[in-house]
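Chains, contacts and geometry: an overview
This is what each chain is made of:
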Amino acid sequence: MAGDVKFLVNRKVEIIMDDGIYVSNIQDVEDEYAGISIPVKDGSYLPLKKGDRVEGVYYSGNGLYKFYTVAVGRKIDRIMMILLAHPEKFIKFQRRNYVRVPIVIKVFCAILDKTINLNNITDNQFEFFDAFSLDISAGGMRLSTDRDISIGDIIMITLPLKNEVINVKGKVVRVERARDRNICGIGFMDVDNKTVEKIIQLLFQIMREQRKNAPKED
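Residues numbered from 1 in each chain as written. Predicted model: local features only at pLDDT ≥ 70, side-chain atom pairs only at ≥ 80, totals over all residues. Heavy atoms only, no water.

Tallying secondary structure elements over the protein chain gives 1 helix and 16 strands in all. Within the protein chain, buried positions represent 44% of all 218 residues. Total accessible area computed for the protein chain in this model is approximately 12800 Å², and 48% of it derives from carbon and sulfur atoms. (Helix = DSSP H or I, 4+ residues; strand = E, 2+ residues; numbered from the N terminus. Buried < 20%, exposed > 50% of the residue type's maximum accessible area, 1.4 Å probe, protein only. Areas by Shrake-Rupley, 256 points an atom, 1.4 Å probe, with all protein chains shown as cover.)

What follows is about helix H1 (residues 193-213). With 21 residues, H1 ought to run about 30 Å at 1.5 Å a step, and its terminal C-alpha atoms sit 30 Å apart, in line with that. Along H1, the residues that are buried comprise Thr195, Val196, Ile199, Ile200, Gln201, Leu202, Leu203, Phe204, Gln205, Ile206, Met207 and Arg208. For H1, the side-chain oxygen to backbone nitrogen distance between the N-cap and Lys194 is 3.1 Å, and the N-cap itself is Asp192. (Expected span 1.5 Å × (residues − 1). Polar contact = N/O pair within 3.5 Å; in protein donor to acceptor, adjacent residues only side chain to side chain.)

Right, let's get into the pairing of strand E1 (residues 12-17). Judged from the 6 bridges that link them, E1 and strand E2 (residues 20-29) form a sheet pairing that is antiparallel. Across the sheet, residue Ile15 finds its bridge partner in E2, namely Tyr22. Note that E1 and strand E6 (residues 53-60) share 3 bridges and pair antiparallel. Note on E6: the bridge partner recorded for Val13 is Tyr58. (Pairing = 2+ DSSP bridges.)

This paragraph deals with the side chain of Gln205. Secondary-structure assignment places Gln205 in helix H1. Here Gln205 is in contact with Asp18, Asp19, Gly20 and Lys162, once residues within four sequence places are set aside. (Contact = heavy atoms within 4.5 Å.)

Next up on the list: the packing of aromatic side chains. Overall, the coordinates contain 7 aromatic pairs when judged by the stated rule. Residues Phe108 and Phe128 carry aromatic rings whose centres are separated by 4.9 Å and whose planes lie at 20 degrees to one another, so their mutual orientation is stacked. With a gap of 20 residues between them, Phe108 in strand E11 (residues 106-112) and Phe128 in strand E12 (residues 128-136) connect regions that are remote in the sequence. Taking the ring centre of Tyr59 as reference, the NZ or CZ of Lys12 above it sits at 4.6 Å. (Phe/Tyr/Trp six-rings, centres within 6.5 Å; stacked < 30°, edge-to-face > 60°. Lys NZ or Arg CZ within 6 Å of the ring centre and 35° of its normal.)

In this section: the pairing of strand E3 (residues 33-37). The element E3 is extensively covered by neighbouring structure, given that 5 of its 5 residues are classed as buried. Here E3 shows no split at all, with Tyr33, Gly35 and Ser37 on one side and Ala34 and Ile36 on the other all buried. Note that E2 and E3 share 3 bridges and pair antiparallel. By the bridge assignment for E3, Ile26 is matched with Ile36. Connecting E2 to the next strand, E3, in antiparallel fashion are 3 residues. Note that E3 and strand E8 (residues 79-85) share 5 bridges and pair antiparallel. Bridge assignment links Ser37 to a residue of E8, and that residue is Met81.

Of note, Arg78 is a non-glycine position whose phi angle comes to about 75 degrees, a positive value. Relative to the assigned elements, Arg78 resides in the loop between strand E7 (63-77) and E8. Of note, the phi angle at Arg179 is positive, near 55 degrees, even though the residue is not glycine. Summarising the element assignment, Arg179 is placed in the loop between strand E15 (164-178) and strand E16 (181-189).

Quick look at the pattern of salt bridges now. Tallying each qualifying case throughout the model produces 12 salt bridges. One salt bridge in this structure joins Lys198 and Glu164, with 3.7 Å as the shortest N-O distance. On the criterion of sequence distance, the pair formed by Lys198 in helix H1 and Glu164 in strand E15 is long-range, its members being 34 residues apart. Taking relative accessible area as the criterion, Lys198 reaches 27% and is therefore assigned partly exposed. Between Lys169 and Asp190 there is a salt bridge, with its nearest N and O atoms 3.0 Å apart. One end of the pair, Lys169, is in strand E15; the other, Asp190, is in the loop between E16 and H1, with 21 residues separating them in the sequence. Judged by relative accessible area, Asp190 falls into the exposed class, the value being 68%. (Salt bridge = Lys/Arg side-chain N within 4 Å of Asp/Glu carboxyl O.)

Written as structure tokens, this is what we have:
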């Protein structure tokens, strides 16, 4: 349960900022705080200072947990550390209730023949086509396409998220007709943990940008 989650030494932590995801790990755990290595992204360091509010993801042994906390200081003990107050709570990510982020982008797809050996595909065994995403989560997405697609179809999808390209396989679980297009609900299949984590990272970043760019209420 999320209520039983605690920071543990050597576990991975990611700090979510407007310009991307900074990676760190737990170096020290005390009653008042957890010390993390200085977060880094693409060779750039994030020197958090006392009072900075922190949004992060904690990689526990049994799942991923989102948390909010505050930096309470810095410390040097063999290495330089940022000290984070223990979060009041951890929020577990579960595949069945991953947050869906509205994103309209062009994606590249192919419907796979269920009888084909996916380890021995040649170019003439399927046809590529473009579609548009409507929303995406780490467990699935909705697609808008003018192609004929049926429930149960298996689709290979290339997702250009931020500066990353994610390739996933999905099963069509729902199809609705909207004017001259099909709106398809896709559940991702056979997605490894590394890909799930990458999608979550990119969606966090997109969500932060959407909140930042949202019109301010009067």
